[in-house]
Amino acid sequence: MPSKRSAAWLAENGAVAALVVLVVALSLLSSDFLSLTNLLNVGVQAAVTAILAFGSTFVIVTGGIDLSVGSVAALSAITLAWTATEGGLPWPAAVVLSLATGVACGLVNAALIAYGKLPPFIATLAMLGIARGLALVISQGSPIAMPEAVSHLGDTVGRFLPIPVLVMLVMGVVAAVILNRTYPGRAMYAIGGNEEAARLSGIKVSRIKLVTYALSGAFAAVAGVVLASRLASAQPQAAAGYELDAIAAVVIGGASLSGGKGRALGTLVGALILAVLRNGLNLLSVSAFWQQVVIGVVIALAVLVDTLRRRGTN
Amino acid sequence: MILRAEGLTKSFPGVRALDGVDLSLRPGEVHVLLGENGAGKSTLIKILSGAYRPDDGRVLMDGRPVEIRDAGDARRLGISTIYQEFNLVPELSVAENLSLGRPPRRFGLIDSAAMMRRGGELLDRVGVRVDPRTPVRRLGIARMQMVEIAKALALDARVLIMDEPTAVLTTGEVGKLFEIVRRLRDDGVAIVFITHHLEEIAEIGDRVTVLRDGRSVAEVPAGTSQDELVRLMVGRPIDQQFPRRPAELGEPLLSVRGLTRTGAFDDISFEVRAGEVVGLAGLVGAGRTEVARAVFGADRYDAGEVFVRGRRLPPADVHAAMEAGLGLVPEDRKGQGLVLGADIGENLGLVTLRDATRAGFVDLKGQRAAAARVAGQLGIRMTGLDQEVRTLSGGNQQKVVIGKWLVAEAGVLILDEPTRGVDVAAKVEIYQLVNALTDSGHAVLMISSDLPEVLGMSDRILVMARGRLVGELPAAEATQDGVMALAVTDVAGSRAE
């Protein structure tokens, strides 16, 4: 049925249409927007949010929420920088430790949620404070320089390929493959759709939640390292508030906060919309204060349009 | 005529749900709406209650055409609908629910005394004894339904639509409901009554409109014979309502010994053999569902053992039960059996998701192929495997729940109320499926509150009362009266075994 298929395509790719409209409008309004330098800049700006948001996509698909990703990103980056400089570890070991930190935070979140029966909002709100605090404790509140080898992650290969963008794309593919093709990924959709039915179908719900939040933590760690590399130093206050951008990106990308719906591609588009919007408003010299207003309106509009469209098709 | 619907037509992507349906309601009549699941009953009542807009056709009230654009319009016209899923706020009191949205006010504040008084009057009108201050969550299903009816009265309903009100009630509760329905009818309310229980029609109905494949095929008096009603509904006579075909018995596949959970069930022991259907009868609340869920590992138990093919299952471990070849079709299809927002293929593949994983990746093609095979075998009526389960009729949804265990090749199936809310034709299809399962050596434990069904489809019947097994009867010797007598046994005395 072509009509159904095209309707479904629109429902899933409404965010793409919004992105296209935004790009066209900005290229008409500002002559600088479509320049290569600027577009690469947008990509780099989108990268950290997008990587965090891919991690959040797993969580939101299961019907949960992860408020701790910004803090976990900072803690992971601080862990890397501190163990490499103060601790004197070789940088690959520091990278592994940093990822392990992210995973560990995620596992604690999941344990509180799956076994302690805390609502995800509360468990990850606690972790938001704990991880941020630990980052400040370890760093004693000051930025720590990133090891030389790792900070190349912030470079641009040749003239056209910023490594953060590359990392973003790789993480996006990884997220898409996990969601679409693996057992934990498919189980996440089932749990978000109906947790009890998933459990009565033999899906080990608690175990899948461990995987889900661990993935979110791991993605947060990668985002934290990419961010620190761009800044050449790990900062304990980095990525504060990014969890909200990540959630916004996922939701703009068509996921439902009640679970069972969401795609990596949608999340990427959501993150790009946020980045394009911020960049465009800068180019148009809109004050930073007004930018926040505009972005808030866009988030509300994006979800509103999506909700109305769904209501229309049902 | 109080209400008249003419030529109502409504299409959804892929299906024409209603095709020129007519319906006429007189004041003071109980008008039964009869039809298989998928015949268009739900769509029709959703149009009358403002949830859907028809593509074509019109509705007249008192001879004047009216527009029912939303629930508010329906309310203003005096049309109230009681769905199977109640619209009550569990945490609020009965009186608050009855005044929901329009509480009596004094000086801008809610007048609690008046609210309680009004609540009490409404409850009196439906003849139910409940303190209006009781929170709704503390009421049983039957009394919640009475509160729903009282709510409709609060809105001065002239047309009351009841969607399968008896599906969740016990025999005694049904009698009470009928009393209330008759009283409302005598007050001049027109009642649209949907039921799958044919024997209820002559008892409560005045006229019957039969829907089939989205058309109104007949309007007949309620005294019409059941055979004739079935013929009108399915378009052909059904020779056998319960086509149980006993199979050759083999090894015991499921053995339960001394299963106990304090406060729920006590010392439950039984066996189900390959090729056998064991019926588990009893009153609602006797502990049957609790036993089924504990056997399957969905809930814990305090003592006892469960064996599948001689191997002991660890307690409270659904995954282990599933691996051992046990499957549960739960009582609450939508809440526990299905992921409603996912498609048919996803739901059918839910149980095998893990086994279909090779080197980390799910074999989606294999899953899809298995789903297609089972969907074909079960005759699931669908536009394709990518149709959302939410949009299927009750019978077809139930086939999907059973189907996921067929995909998983479960050898022992526990069916908890497998035909609740399922129409006559789909019931027979499910019975035939049970026959096919036992023919191929499966074991089936069937919980059902429908006595003719238990008697007709079981080889052996276990009866539970107050958490205990109080009797076992071979199907050939069982009668409705015999089973009922056991089901109401007062266990405190002696066990009839």
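Residues numbered from 1 in each chain as written. Chains lettered and ligands numbered in written order. Predicted model: local features only at pLDDT ≥ 70, side-chain atom pairs only at ≥ 80, totals over all residues. Heavy atoms only, no water.

Caption draft 1: Focus on the environment of leucine 378 of chain B. Residues and elements named next belong to chain B. Its location among the elements puts leucine 378 in helix H13 (residues 364-378). Classification of leucine 378 as buried rests on a relative accessible area of 8%. Placed 28 residues apart in sequence, leucine 378 and leucine 406 show a C-alpha to C-alpha distance of 9.7 Å. The residues touching leucine 378, leaving out its near neighbours within four places in the chain, are Lys399, Gly403, Leu406, Glu429 and Leu433. (Helix = DSSP H or I, 4+ residues; strand = E, 2+ residues; numbered from the N terminus. Buried < 20%, exposed > 50% of the residue type's maximum accessible area, 1.4 Å probe, protein only. Contact = heavy atoms within 4.5 Å.)

Caption draft 2: Representation of the pairing of strand S12 (residues 215-221) of chain B within the structure. Residues and elements named next belong to chain B. Pairing geometry for strand S11 (residues 207-212) and S12, over 6 bridges, is antiparallel. By the bridge assignment, leucine 211 is partnered in S12 with serine 216. Here S11 folds back onto S12, and the loop between the two strands holds 2 residues, one of which, aspartate 213, carries a positive phi near 50°. (Pairing = 2+ DSSP bridges.)

Caption draft 3: View of the sheet that holds strand S4 (residues 56-61) of chain B. Residue and element names in this part refer to chain B. A sheet is described by the order of its strands in space; here 4 strands give the open sequence S2-S1-S4-S5, paired in antiparallel fashion. Both outer strands of the open sheet, strand S2 (15-25) and strand S5 (64-66), are each paired with one neighbouring strand and no more. On average, each strand axis in the sheet is tilted by 30° relative to the strand beside it, whichever way the strands run. Relative to the sheet, helix H1 (residues 41-48) contacts strand S1 (3-12), S2 and S4, its axis offset from that of S2 by approximately 60°. (Axes fitted to C-alpha atoms, helices over the stretch in contact; angles between N-to-C directions.)

Caption draft 4: Spotlight on helix H17 (residues 480-487) of chain B. Residue and element names in this part refer to chain B. Those residues of H17 not exposed but buried are Val483, Leu486 and Ala487. For H17, the angular spread of the buried residues around the axis is 100°, confining them to a single face. Against the buried residues of H17 lie strand S15 (277-282), helix H16 (451-457), strand S23 (460-465) and strand S24 (468-474). The backbone nitrogen of glycine 482 lies 2.9 Å from a side-chain oxygen of the residue at the head of H17, namely threonine 479. (Arc of directions from axis to C-beta. Polar contact = N/O pair within 3.5 Å; in protein donor to acceptor, adjacent residues only side chain to side chain.)

Caption draft 5: Structural view of the domain arrangement of chain B. Residues and elements named next belong to chain B. Per the domain assignment, the segments making up chain B are domain 1 (3-234) and domain 2 (252-487). Contact with domain 1, which involves 13 residues of that partner, is made by 14 residues of domain 2. For the pairing of domain 1 and domain 2, the buried interface totals around 960 Å² over both sides, and the portion due to carbon and sulfur atoms is 60%. At the junction of domain 1 and domain 2, the tally comes to 0 salt bridges. Linking domain 1 with domain 2 are 0 residue pairs in polar contact (both at pLDDT 80 or more), by the criterion used here. (Domains from an automatic or database assignment. Buried area = accessible area lost by both parts, 1.4 Å probe. Salt bridge = Lys/Arg side-chain N within 4 Å of Asp/Glu carboxyl O.)

Caption draft 6: Region of interest: the nonpolar core. One finds Ile51, Phe54, Met168 and Ile203 of chain A to be the most contacted residues of the largest nonpolar core, which totals 90 residues. In terms of residues, this core owes the most to one element, helix H2 (residues 36-61) of chain A, which gives 13 residues. Phe270, Ala370, Leu385 and Ile414 of chain B belong to the second-largest nonpolar core, a separate cluster that totals 72 residues. (Core = buried A, V, L, I, M, F, W, Y, C linked by side-chain atoms within 4.5 Å.)

Caption draft 7: Summary view of the packing of aromatic side chains. Residue and element names in this part refer to chain B. Scanning the entire structure with this criterion turns up 4 aromatic pairs over all chains. When the ring of phenylalanine 178 is compared with that of phenylalanine 193, the centres are 6.0 Å apart and the planes differ by 65°; the resulting orientation is edge-to-face. Here phenylalanine 193 lies in strand S10 (residues 190-194) and phenylalanine 178 lies in helix H6 (residues 171-186), a separation of 15 residues in the sequence. Exposure class is identical for phenylalanine 178 and phenylalanine 193. Each is buried. (Phe/Tyr/Trp six-rings, centres within 6.5 Å; stacked < 30°, edge-to-face > 60°.)

Caption draft 8: Quick look at the interface of chain A and chain B. Listed by partner, the interface residues are 21 residues for chain A and 32 residues for chain B. Together chain A and chain B conceal approximately 2200 Å² of surface at their shared face, both sides included; 58% is due to carbon and sulfur atoms. Between the two partners, chain A and chain B, sit 2 salt bridges. We note a salt bridge from arginine 293 of chain B to glutamate 196 of chain A, for which the minimum N-O separation is 3.1 Å. Linking chain A with chain B are 8 residue pairs in polar contact (both at pLDDT 80 or more). The set of elements that each furnish at least two residues to the side of chain A that touches chain B consists of helix H7 (163-181), helix H8 (183-193) and helix H9 (195-199) of chain A.

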